[in-house]
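Reading the structure
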Amino acid sequence: MRPTLTTLAAAAILAAVAPARAEVALGYIVRIDLKGAEAEVYIDLGVERGALEGNRVTLLRDITVRHPITKRPLRDLFPVAEAKIESARGNMSILRLPAATAKVLRPGDRAALGAAPAPTLSPEEIAAAPGPARRTLPCPAPKEKACPACPQVKDREPDAATQGVLQAWRATFGQTPDTRIALWRDYAKRFPSSPYGDFAREEAKRIRVEMKKAVLLLETQQAAAASAEALRQAQQRAVAQATQTYHQKPDEVRRGEPVEVAVSTAPQPQAALLHYREPGAPRLTTVRLQGAGDGYYRGTIPGRATTGTKLAYSLETVDENGQRQHAAGTEGEPTQVAVRENPRAADLANRSRIMLRSEYVDFNSFRREAGSDYYWILEGDFTYRFRTILHSMNLGFGTYNGVGGKFDKQNLLVGDSRTIGFNYAHAGLEFRFHELFSVITKVLVGLNQDGLAAGFEGRIRIGREEGTNLVLGAQTAKDIGTLGLIQLTWDVVRDFPMSGTVEVTDQPAQGDIGVRFSYDIGWRALKWWYPSLRVSFQARTIDHYGFGAGEASTFAW
């Protein structure tokens, strides 16, 4: 049995809507903000409806279409622009578009996550689609038997004009008005005698009229918005002409230093406000300027706001009616001032230092029965940097106590052990001949068991004092012994300076020569204070060895 025309028409309509696009989230444009060459477009599709930053959004406009057979009006959408979501919130997202593109949009236009949805028809509308009239054909008499003609109904296949109008209608889905008009005109030319020709011509004319109305409405809205903006600017100019405001912008500011700002205005405003941004802060900080008489206001931008490369701030006055007058920049586009290095602040920083340290060193692993061989030291000193060829001066005190002696090959004490006690003061000078080369001297004077005693220490530093450097040094003190060292300091891990030291010494009591290996690590917990720890291993022979540990605290300003 052949399919009826109604069935074929329904199948054609279903074919038109069957490849309907996947279900998409559809919302509205709720606000458009023009900002110079760009615009922010707000839509009511947010994270709650699947919108994420970076998703593409199609911005659409409604258009009324009619089915060529049922003549039922439908709402279709055509794309106007596309954009990516810049910021997605709970129930709203923000798009950024060129201002020229945003000007053709208006609140109420649609927004879709993905492509525009195609219009759809209900099954009842499809079933009601009328087809061409049926015709009655005679039934031919069988050859073997003559009989009167019997009526027989036979449906006619959809003709080319009907198929063409359905194809044209399907092709208009999601297209711009100009494309829709061109499709209907093309159909009318191809099928001039089609029963749907008048529909195609009327549809093209109707869409053109509807778009002219939409363009006229848009131009009217834009003209009204332009008039409102012109009126607002005129009011601002009137206020500006009536208000005399003066502010002297600084040419530059010094890093870390506060900045005094002032504004004078007449007539006297209700308030004067200062807005500034601290580096890394998400928003501006607003403070009220203090009046100094006769319309003169002043305030201070703190030093923490001048630690970046630029200082951003704005000034405004507020009159008794709440009208704001900008005196320097705006909150959206603040005044920018270059921040320069502060030689004075850099020169004064870290000139002074206090260090307290203590350390215990054992050469014989606490084996007192074999003979003690250890010492401990406690020191404190103050350093001041002149930053000339005489780079710094160091003053301090210390106490040195230990027990040691000579040992044989069996690691047994030869003779009696010696107990050492030395309480001393020390003074030192550092001469820096180059940023990467310094000579350091230190004199120790104090008392031991025999009375007055003295010592001397000398060092050479190659490299920057507060960076990676190499130190070669030697020390000698009466009754205690001598010491030679090489120390490498590196500062490659931020806020964790480290150093490794190798010493050759006969301390604490001019005993056998031993070697020490020590490792130091510090932590710059605060700008003005950092602690450090030291661990060490020392040995005189393979059987004569031990461990040590120490700590220090440094205060700098």
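As the structure is a computational prediction, the values presented were derived from the model and not from experiment. (Residues numbered from 1 in each chain as written. Predicted model: local features only at pLDDT ≥ 70, side-chain atom pairs only at ≥ 80, totals over all residues. Heavy atoms only, no water.)

Here's the deal with the overall build of the chain
Of regular secondary structure, the chain possesses seven helices and 30 strands. The contacts of the chain with a sequence gap of at least 6 include a subset with a gap of at least 24, amounting to 58%. When the accessible surface of the chain is summed, it comes to about 31,100 Å², and 57% of that surface belongs to carbon and sulfur atoms. (Helix = DSSP H or I, 4+ residues; strand = E, 2+ residues; numbered from the N terminus. Contact = heavy atoms within 4.5 Å. Areas by Shrake-Rupley, 256 points an atom, 1.4 Å probe, with all protein chains shown as cover.)

What to know about the pairing of strand β24 (residues 451–463)
As defined by bridge partners, strand β23 (residues 437–448) adjoins β24 across 12 bridges and the pair is classed as antiparallel. Looking across to β24, one finds that Val439 is bridged to Ile460. Linkage of β23 to β24, two consecutive antiparallel strands, is achieved through a turn of two residues. Pairing geometry for β24 and strand β25 (residues 469–477), over nine bridges, is antiparallel. Paired with Gly458 across the strands is Ala474, a residue of β25. Where β24 folds back onto β25 in an antiparallel hairpin, the turn is made up of five residues. (Pairing = 2+ DSSP bridges.)

Here's the deal with the sheet that holds strand β3 (residues 56–66)
The six strands are arranged β1-β2-β5-β4-β3-β6 in a closed barrel whose pairing can be described as antiparallel. Strand-to-strand twist in this sheet, taken as the mean axis angle between neighbours without regard to direction, amounts to 45 degrees. Here strand β4 (residues 73–88) runs beside strand β5 (residues 93–98); their pairing, made up of three bridges, is antiparallel. Residue Ser87 lies in a different strand from β5, and its bridge partner there is Ile94. Of the strands in this sheet, β3 and β4 touch helix α5 (residues 177–190), which is tilted by about 150 degrees from β4. (Axes fitted to C-alpha atoms, helices over the stretch in contact; angles between N-to-C directions.)

Some details on the sheet that holds strand β29 (residues 529–541)
Judged by pairing direction, the barrel is antiparallel, and its 12 strands sit side by side in the order β19-β20-β21-β22-β23-β24-β25-β26-β27-β28-β29-β30 before closing back on the first. Between one strand axis and the next, the sheet turns through 15 degrees on average, direction left out of account. In the sheet, strand β19 (residues 352–362) pairs with strand β20 (residues 374–385) via 11 bridges, with the strands oriented antiparallel. Note that in β20 the partner of Ser352 across the bridge is Tyr384.

What to know about the pairing of strand β15 (residues 296–301)
Of the two faces of β15, the one holding Tyr297, Gly299 and Ile301 is buried and the one holding Tyr296, Arg298 and Thr300 is not buried anywhere. The sheet contact formed by strand β11 (residues 259–266) and β15 spans six bridges and is antiparallel. Bridge pairing in β15 places Ala262 opposite Arg298. As defined by bridge partners, strand β14 (residues 290–291) adjoins β15 across two bridges and the pair is classed as antiparallel. Opposite Gln290, over in β15, you have Arg298 as the bridge partner. Taking the residues that link successive antiparallel strands as the turn, the β14-β15 hairpin has four residues, and the phi of Gly293 there is positive, at about 95 degrees. (Buried < 20%, exposed > 50% of the residue type's maximum accessible area, 1.4 Å probe, protein only.)

Here's the deal with the pattern of salt bridges
Applying the stated rule across the entire model yields 28 salt bridges. Between Glu203 and Arg206 there is a salt bridge, and its shortest N-O distance comes to 2.6 Å. Of this pair, Glu203 and Arg206 both sit in helix α6 (residues 197–242), three residues apart, which is roughly one turn of that helix. Given the relative accessible area of 1%, Glu203 is considered buried. Linking Arg357 and Glu359 is a salt bridge whose minimum nitrogen-to-oxygen distance equals 3.7 Å. The partly exposed category is assigned to Arg357, whose relative accessible area is 26%. Look at Glu359 and you get buried, because its relative accessible area is 7%. (Salt bridge = Lys/Arg side-chain N within 4 Å of Asp/Glu carboxyl O.)

Description of the side chain of Glu430
Along the chain, Glu430 turns up in strand β22 (residues 413–434). At a separation of 3.1 Å, a polar atom in the side chain of Glu430 contacts the side chain of Ser438. In this structure, Glu430 is in contact with Ile389, Leu390, His391, Ser392, Ser438, Val439, Ile440 and Arg461, ignoring residues within four places of it in sequence. (Polar contact = N/O pair within 3.5 Å; in protein donor to acceptor, adjacent residues only side chain to side chain.)

Digging into the environment of Leu34
With respect to the helices and strands, Leu34 occurs in strand β1 (residues 26–35). For Leu34, a relative accessible area of 48% gives the class partly exposed. The spacing of Leu34 and Ala100 is 66 residues in sequence and 9.6 Å in space, taken between C-alpha atoms. If we skip the residues at most four places from it in the chain, Leu34 touches Ala39, Ala99, Ala102 and Lys103.

Describing the nonpolar core
If you look at the biggest cluster of nonpolar residues, it comprises 22 residues, and the most contacted ones within it are Ile63, Val165, Trp184, Tyr187 and Ile207. Elements supplying a minimum of two residues to this core: β3, β4, α4 (160–171), α5 and α6. Excluding residues that lie within four positions of it along the chain, Ile63 makes contacts with Leu74, Arg75, Asp76, Leu77, Phe78, Pro177, Arg180, Ile207, Glu210 and Met211. (Core = buried A, V, L, I, M, F, W, Y, C linked by side-chain atoms within 4.5 Å.)

Considerations on the packing of aromatic side chains
Two aromatic rings, taken as a pair, are described by how far apart their centres are and by the angle between their planes. One pass over the structure, following the stated rule, counts 12 aromatic pairs. Here Phe433 and Phe437 contribute two aromatic rings whose centre-to-centre distance is 6.4 Å and whose plane-to-plane angle is 40 degrees, an arrangement assigned as tilted. Judged by relative accessible area, which is 53%, Phe433 ranks as exposed. The interplanar angle of 35 degrees and the centroid separation of 6.0 Å between the aromatic rings of Phe537 and Tyr545 together place this pair among those described as tilted. The exposure class assigned to Tyr545 is partly exposed, which follows from its relative accessible area of 32%. We note Arg367 situated over the ring of Tyr545; from NZ or CZ to the ring centre the distance is 5.5 Å. Above the ring of Phe363, the side-chain terminus of Arg540 is found at 3.8 Å from the ring centroid. (Phe/Tyr/Trp six-rings, centres within 6.5 Å; stacked < 30°, edge-to-face > 60°. Lys NZ or Arg CZ within 6 Å of the ring centre and 35° of its normal.)

Quick notes on α5
Its 14 residues give α5 an end-to-end C-alpha distance of 20 Å, which sits within 8% of 20 Å, the value for a rise of 1.5 Å per residue. Along α5, the residues that are buried comprise Pro177, Arg180, Ile181, Trp184, Tyr187 and Ala188. Projected down its long axis, α5 shows its buried positions confined to an angular sector of 125 degrees, all on one face. Exposed positions of α5 whose direction lies more than 90 degrees from the buried face are Asp178 and Lys189. (Expected span 1.5 Å × (residues − 1). Arc of directions from axis to C-beta.)

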